[in-house]
Amino acid sequence: MYTDTDRCVRAVQSKDARFDGWFFTAVRTTGIYCRPSCPAVPPKVENMSFLPSAAACQQAGYRACKRCRPDTSPGSPEWNARADAVARAMRLIQDGVVDREGVPGLALRLGYSTRQVERQLNAELGAGPLALARAQRAQTARLLIETSELPMGDVAFAAGFSSIRNFNETVREVFALTPGELRLRAGRRGTGRGEPRIPGTIGLRLPYRAPLNPDNLFGHLAATAVPGVEEWRDGAYRRTLRLPYGSGVVALTPGPDHIGCRLALTDLRDLTIAISRCRWMLDLDADPEAVDGQLRTDPLLAPLVDKAPGRRVPRTVDAAEFAVRAVLGQQVSTAAARTHAARLVAAYGEPVEDPQGGLTHLFPSPAALAGIDPESLSMPRSRRTTLTTLVTALADGALPLGIDSDWEAARARLSALPGFGPWTTGVIAMRALGDPDAFLPSDLGVRKAARALGLPSTPAALTARAAGWRPWRAYAVQYLWATDDHPINHLPVAQGAPS
């Protein structure tokens, strides 16, 4: 996108918010960089240059605009629509891998040398992994400075900085303000105000590209919620989080222009990764204009898109957890799948404290489930074998699943396991690995919707018709599912604690 100068200029001159996060405008005469929708008067074309990332802007010596606050843009949707090394590297950096494991750890996960990773990221993003991680730390620091009352030392620690000095220098360099001045300006603007303060929690706002339809997104998460691990309470989806340094509880509330996010963490070092995983779960970096535009080219799908645009793919915060739940949900109802999962949670999950609600456990880790007695599982013998084989492969590392997974390689490994057919493999690719083109032509709900719309309803014929929906077939599944009156398609009516 950023290499198409004419298109970038048009986006800046029209203040088109759809391109926020796709590229950044660096203004040579002022030394600042902006998002395309910056409300300021657009600079002269000859003074503009376009860069692919905030890190590239900062590395080139530009400071963030104080009006449009480009560091708070939604992330580029490109990294969630690709499975190449650069996209996988970006997802890992957003997940905090560089802060925890350094560049060598990032390279090891990708299967490349550090030099190759540096070269590929610099070629495409104009910045290496350290600069990209630094930009993310600066963004997290700003969020905390402006929306919390944490002491600055805790802010630096939570954002991933190694020292107070480094924190102060980075904030001044990126934002041309000291941390104290940022907090003072935020107080004057009312940033982060107006929301109740709950002791021990951090309240944030997660931006997204409009439109966003919350019905299937939060409806799916709430309808399939595992008791003790997830719940819908007071208009928010709440769940427990297993994080690198500890555990957490998050409450996510749909809003008209943002998602309210309230986090309670046992270790503040997990803040960045918790935010990243919540954004991933809610698919907040998607580009609905691109997705819906492609799906509208099919005249039979277009009315569904026009009726409720902006559907997202509900994902997960833990790919291994979702794989286990996908097996538990094979050929049973949503209620039965929740019951099976709840039994595992009660027997093998780690207890957590949740003073604000009814959450009790983390979902069991693969290691905790690896020694499970198959006879204790109240399911058919073949599915017991499927589950025990899966958790063993997850526990010993033979089946790596995560945001950095190569989609095709992961599909091949899953398909080689007993009991893993196209539906189970496809739903894991869609919701755990984030493949935007994962498709479920054999799914009963998809076939029923296709038949009602006049689309082919046999898997082979529907797959052929869906070629025109690529690379967004996972989103087409959401629109097809939405034709049913199943609870996954509706926000829960009850606003209090779940029954």
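Summary of the structure given here. (Residues numbered from 1 in each chain as written. Predicted model: local features only at pLDDT ≥ 70, side-chain atom pairs only at ≥ 80, totals over all residues. Heavy atoms only, no water.)

## Details of the overall build of the protein chain
Item 1. When helices and strands are tallied, the protein chain shows 22 helices and 11 strands.
Item 2. Compactness check: the protein chain gives a C-alpha radius of gyration of 23 Å against a globular reference of 23 Å for 499 residues, within 12% of the reference.
Item 3. Its C-alpha atoms put the protein chain at 70 × 50 × 50 Å along the principal axes.
Item 4. When burial is assessed residue by residue, the protein chain has 56% of its 499 residues classed as buried.
Item 5. Across the protein chain, the mean location of the 59 positive side-chain charges is 2 Å away from that of the 50 negative side-chain charges. (Helix = DSSP H or I, 4+ residues; strand = E, 2+ residues; numbered from the N terminus. Rg over C-alpha atoms; globule rule 2.2 N^0.38 Å. Buried < 20%, exposed > 50% of the residue type's maximum accessible area, 1.4 Å probe, protein only. Lys, Arg positive; Asp, Glu negative; His and termini not counted. Charge placed at Lys NZ, Arg CZ, Asp CG, Glu CD.)

## Concerning helix α8 (residues 164-175)
Item 1. In this model, α8 (12 residues) spans 16 Å end to end at C-alpha, consistent with the 16 Å of a helix rising 1.5 Å per residue.
Item 2. Of all the residues in α8, the buried ones are F167, T170, V171, V174 and F175. The buried residues of α8 occupy one face: seen down the axis, they fall within an arc of 100°.
Item 3. Positioned one or two residues after α8, A176 has a phi angle of 60°, which is positive. (Expected span 1.5 Å × (residues − 1). Arc of directions from axis to C-beta.)

## Describing the environment of V317
Item 1. Tracing the backbone through its elements, the reader meets V317 in the loop between α13 (302-307) and α14 (319-328).
Item 2. Once the C-alpha coordinates of V317 and K66 are considered, the two residues, 251 residues apart in sequence, prove to be 32 Å apart.

## Comments concerning empty space enclosed by the protein
The method is simple in principle: a probe with the dimensions of a water molecule rolls over the atoms, and the space it marks as empty is what remains.
Item 1. All told, the structure shown has 2 cavities of 30 Å³ or more when counted by the stated rule.
Item 2. As a volume, the largest cavity reaches approximately 80 Å³.
Item 3. Lining the largest cavity are R239, T240, L241, R242, L243, R277, V317, D318, E321, L362 and F363.
Item 4. A total of 4 residues in the lining of the largest cavity trace back to one element, the largest contributor, which is strand β7 (residues 236-242).
Item 5. For the lining of the largest cavity, the class distribution of residues is 5 nonpolar, 1 polar and 5 charged.
Item 6. Taken as a whole, the second largest cavity spans an internal volume of roughly 50 Å³.
Item 7. In terms of lining, the second largest cavity is formed by P77, N80, A81, D283, D285, A286, D287, P436, W472 and Y475.
Item 8. Residue composition of the lining of the second largest cavity, grouped by class: 6 nonpolar, 1 polar and 3 charged. (1 Å grid on protein atoms, 1.4 Å probe; cavity = no way out; pocket = protein on both sides within 12 Å on 5 of 7 lines; lining within 4 Å. Points joined across faces, edges and corners; volume = space filled by probe spheres on them. Nonpolar A, V, L, I, M, F, W, Y, C, P; charged D, E, K, R; others polar.)

That is the geometry; function is a separate question.
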